[in-house]
Structures are given as structure tokens and as C-alpha cells.
Amino acid sequence: MSKVLIIGAGGVGRVVAYKCAMQPQIFSEICLASRTESKCKEIAKDVQRELNYQTISTAQINADVVSEVVDLMERFKPVIVINVALPYQDLPIMEACLKVGVNYLDTANYEPKDEAKFEYSWQWRLHDSFKEKGLTAILGCGFDPGVTGVFTARAAKHIFDEIHYLDIVDCNAGDHGKAFATNFNPEINIREITQKGKFYENGQWVETEPHEISAMINYPDIGPKKSYLIYHEELESLVKNYPSIKRARFWMTFGDEYLTHLRVIQNIGMAGIEPVEFKGQKIIPLEFLKAVLPDPGDLGSGYTGQTSIGCRIKGVKDGRSKTYYIWNNCHHEEAFKETKTQGVSYTTGVPASLGAELFLKGIWQTPGVWNVENFNPDPFLDLIGERGLPWNEEIDIDLEL
Ligand code: NDP
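Residues numbered from 1 in each chain as written. Predicted model: local features only at pLDDT ≥ 70, side-chain atom pairs only at ≥ 80, totals over all residues.

### Focus: the nonpolar core
Ranked by size, the top nonpolar core spans 112 residues in total, and within it Ile 6, Ile 7, Ala 17, Ile 30, Leu 32, Ile 82 and Ala 137 carry the most contacts. Of all the elements, helix 13 (residues 343-360) adds the most residues to this core, at eight residues. When residues of this core are assigned to domains, at least three map to each of domain 1 (2-139) and domain 2 (147-340 + 390-395). When neighbours within four sequence positions are excluded, Ala 137 is seen to be in contact with Met 94, Tyr 104, Leu 126, Phe 130, Val 369 and Trp 370. (Core = buried A, V, L, I, M, F, W, Y, C linked by C-beta atoms within 7 Å. Buried ≥ 20, exposed ≤ 12 C-beta atoms within 10 Å, placed from the backbone. Helix = DSSP H or I, 4+ residues; strand = E, 2+ residues; numbered from the N terminus. Domains from an automatic or database assignment. Contact = placed C-beta atoms within 7 Å.)

Given below as C-alpha cells:
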């Protein structure tokens, strides 16, 4: 019986609130806090009505300000905070955790606001401080990063003696009916996919122009989709934690229409993160763009199709070459039926709440700052299907890539 503080009331925050409320024996009380409290109240009302979970409260908070997070934590006294606000808030929330003595979990690594650059180093630096205080921080516990790390951990534990080649393949074959929309926070999403591509090969990072490398990849129940090599944050921790990896890449599908919109957005300067003067006020073009794009949390109604995300791995076992594919497919419509939001928020929120559950059960509980692959993958994979994201695996198949 434990209190959980959820920070962030977007699409992912909604799913986390629902999923925690569905396990009242684990999460006895929830406080949902965010910048705009009305969004928290709307989610809380749905949770109370649809799940008959009454011990949910809401709060207004600016999580960029450590003292505000500290005050809320001192009032509510959570055992763990699930941070599903934006990556900019990771460090202030972690700092507050250290001050008050609260455990931590997030789904995206820290990124400074004034530089489109994300990496784990800032958060890994807090390892000793968390360890000394006996607190656990679980980083990147969404789907990718998150389940992809757990999938890799399963491969390393049960399938291979050594992992040599890792390809994470992420397909969204859904249709939301809008001309252009992003499936999670537009600002973060556009910063992520307009940057240069990068993959790891033979001990080095190789940089590519944005979307320079592409391949047709066959996704289960979906078929072939053009997929682009992009840099994704879990590559950083996975090559560190599995030093036998010779090459690690991340592939994501984008439609032609999506890429055309993205190119125009960039060409006209709307993806910029430098402030510009507008009617006597400084505005950041990308923040303004976010204000006019569809809210990813509202895309769910009428969203059809499915996502498919998994790991394709080659390596050796008992001196013999082996291939392995492990994946999940998630239907947008089913996600919407359950939580009133689309599949990308769902595939992120379900693992986040399960990570927190395993922490509270004492299973994923080791003082320090950790990535998901540092924990035992078995209890997580035993439960994730029941929680809404069943997975499949195949051994010794032709992997295309
Ligand atoms: P949204 O933009 O829909 O929601 C973010 C929420 O955080 C909003 O409610 C927003 O408030 C709130 N917020 C922003 N700034 C602050 C602040 N300073 N203080 C308090 N609250 C704040 O994003 P999503 O729900 O789509 O995504 C949430 C997180 O999940 C992101 O970090 C994203 O990168 C991550 N993610 C991870 C994935 C994975 O697989 N690992 C996949 C998809 C997303 P307001 O409503 O006022 O704007």
C-alpha cells in the first residue's frame, strides 16, 4: 500500500493514472500533478468514474522549480514519483527526490531546453547520491526506451551468450486522420527526429544526415514499411551495458506525407529553438508550433491501426550463430477503449506503471540510478502482457537487416 506521485497530465500521464488505479492494492493513493491542473482534474474525474478509484487527488506544479516539487512531496509524502512530464523536468524532479527522500522513475532522458541534445550523462551523474540515500531511480521505463531495454535484457539472459548486432525497429502503422500530428509531445518529438542520425559500430558512433539511411522492414501483422535510421536514447545505455555489441541501430517508420510536412516545418524555421522577436515578445518557434498542432493526447478517437516495436538481435550461443526477434503490437483502438488515448501514449504509460509496481514490490529496487536493462527482465515480462502489452518472440529466423 503506497502513495505515488505522477507528474505530467498529457497522454502518457493519463495512461499511467489509469494503470496505477487498476492496481489499488499496490498504489493505494495517487496524486496527479502538472502545470495545468484542469487537465489533471479531467483525468482524475475519469479515473474515479470509470475505475471507481476514489483516492486520487490533483495539484498544480511547475516542475522546473525544485522548491515547488519539494513542497508537494513534503505535503503528499509519496514513496515514488513517476515523471511523465517533459525531459526538461528530469533533473529538477530528481533533485527534489534527493532532498525529500523519494524514489524516481521516468520515460525519457534529460534534455536541456536550449540545446536539442539528449543523453543519460546528466542523470547517471546522480548515481552515487541516490545510492547514498538508499533511493532507486529507474530511467527510461516507457516502451522505447523501456520495454526495448527489457527485451534486450531477456535476450542477454536467456537466448545468447553474446549479443553482437541489435536493431530496434519501431513502426507506427496507425492512421489518426490528421494531415500532420505527432504521437507524443510535438516539441520533444520534432527535436528528436530532425536531428542527425547516429548508430554504433565497432566501438564508435557513426553520424548520418537526418533520414539519410532507410530500409524496407517487414513488421508482423502490418507488412513492409519504409523505416529510417535515427538516433534513439536507449542505444547509449545498451551499448554500455552489453559491451559485446558490435553494432546497434534504431529504425522508425515515417510516411512520405509526414516527412514532407517535417521538411517544410524545418525549411520555414518553425522547428527552431532559438527565441525570435514577435510583436514585442520573445517566442520560440517550436513552442509556438506545438500550440497549433493537434494535442497527441486527443488523437485517440478514431485512430485506427497498430504499432509494432521490437528488437532484432544476432549473436552467439554455445559457439553457434543465433537470431532472435521479440516484439509487441498494440492497437490504437483498443488502447483508446481502455484509457481514452492512443497507442503511443499507451505503450509508454503501461511500462511506466509496471516499473513503479515492481519497485513497490521490492523486485526492481536497488539504490542508485539505473536503466531498465539493469534489472531482472523476467518479472516485468511475466506481467506486461496482463497489463495490456503482450509480447511475442521467434528464434532462428531470417532477420532481413
Ligand atoms: P504531453 O506534452 O502530452 O504531456 C506532458 C505533460 O507535462 C503536460 O501535461 C504538461 O503540462 C506537463 N508539463 C510540461 N512542463 C511542465 C512543468 N514545467 N511542470 C509540470 N508539468 C509540466 O507529452 P506526452 O504525454 O506525450 O509525453 C510525456 C513524456 O513521455 C515525455 O517526456 C515524452 O518524451 C515521453 N515519452 C516516452 C516514450 C517512450 O517510449 N519512452 C514515448 C512517448 C513519450 P501542460 O498540459 O500544461 O502542457
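### A word on the domain arrangement of the chain
You can read the domains of the chain as domain 1 (2-139) and domain 2 (147-340 + 390-395). On a C-alpha basis, the centroid separation for the pair domain 1 and domain 2 is 24 Å. The interface is formed by 14 residues belonging to domain 1 together with 13 residues belonging to domain 2. Per-element accounting of the side of domain 1 that touches domain 2 gives the leading share, four residues, to helix 1 (residues 11-21).

### Structural notes on the site of the ligand
Taken together, the neighbourhood of the ligand is formed by 35 residues, with Gly 10, Arg 35, Gly 142, Phe 184 and Asn 185 sitting nearest. If you list the elements that add at least two residues to the shell around the ligand, you get helix 1 and helix 13. Here the residues of the shell around the ligand sort into 16 nonpolar, 15 polar and four charged. Taken domain by domain, the makeup of the shell around the ligand includes at least three residues from each of domain 1 (2-139) and domain 2 (147-340 + 390-395). (Near = placed C-beta within 6 Å. Nonpolar A, V, L, I, M, F, W, Y, C, P; charged D, E, K, R; others polar.)

### Side note on the packing of helix 3 (residues 66-76) against helix 4 (residues 90-100)
Running from amino to carboxyl end, helix 3 crosses helix 4 at an angle of 45°, the nearest separation of the two axes being 9 Å. Classified by the angle between their axes, helix 3 and helix 4 sit oblique to one another. Read as a crossing pair, helix 3 and helix 4 show a hand that is right-handed. The segment helix 3 lies against helix 4, with Val 66, Val 69, Val 70, Met 73 and Glu 74 engaging Pro 92, Ile 93, Glu 95, Ala 96, Lys 99 and Val 100. Considering only residue class, the contact of helix 3 with helix 4 consists of eight nonpolar, no polar and three charged. (Axes fitted to C-alpha atoms, helices over the stretch in contact; angles between N-to-C directions. Parallel < 35°, antiparallel > 145°, perpendicular 65-115°, else oblique. Left-handed = near helix turned anticlockwise from the far one by under 90°.)

### Considerations on the sheet that holds strand 17 (residues 368-371)
Sheet architecture is open: seven strands sit in the order 3-2-1-4-5-6-17, paired in parallel fashion. Sheet topology places strand 3 (56-60) and strand 17 at the edges, where each strand pairs with a single neighbour. If you compare each strand with its neighbour and ignore which way they point, the axes differ by 20° on average. As paired elements, strand 1 (residues 2-7) and strand 2 (residues 27-34) share six bridges and run parallel to each other. Of the residues in strand 2, the one forming a bridge with Val 4 is Ile 30. Relative to strand 5 (residues 103-106), helix 4 is tilted by about 165°, and along the sheet it contacts strand 1, strand 4 (80-83), strand 5 and strand 6 (136-139). (Pairing = 2+ DSSP bridges.)

### What to know about the pairing of strand 16 (residues 320-331)
Sheet topology places strand 15 (residues 306-317) next to strand 16; 12 bridges connect them, and they run antiparallel. For Arg 312, the partnering residue across the bridge sits in strand 16 and is Tyr 325. Taking the residues between adjacent antiparallel strands as the criterion, strand 15 and strand 16 are bridged by two residues, where Asp 318 takes a positive phi near 50°. Across four bridges, strand 16 lies against strand 18 (residues 392-395) in antiparallel orientation. Across the sheet, the residue bridging to Tyr 324 is Ile 395, located in strand 18.

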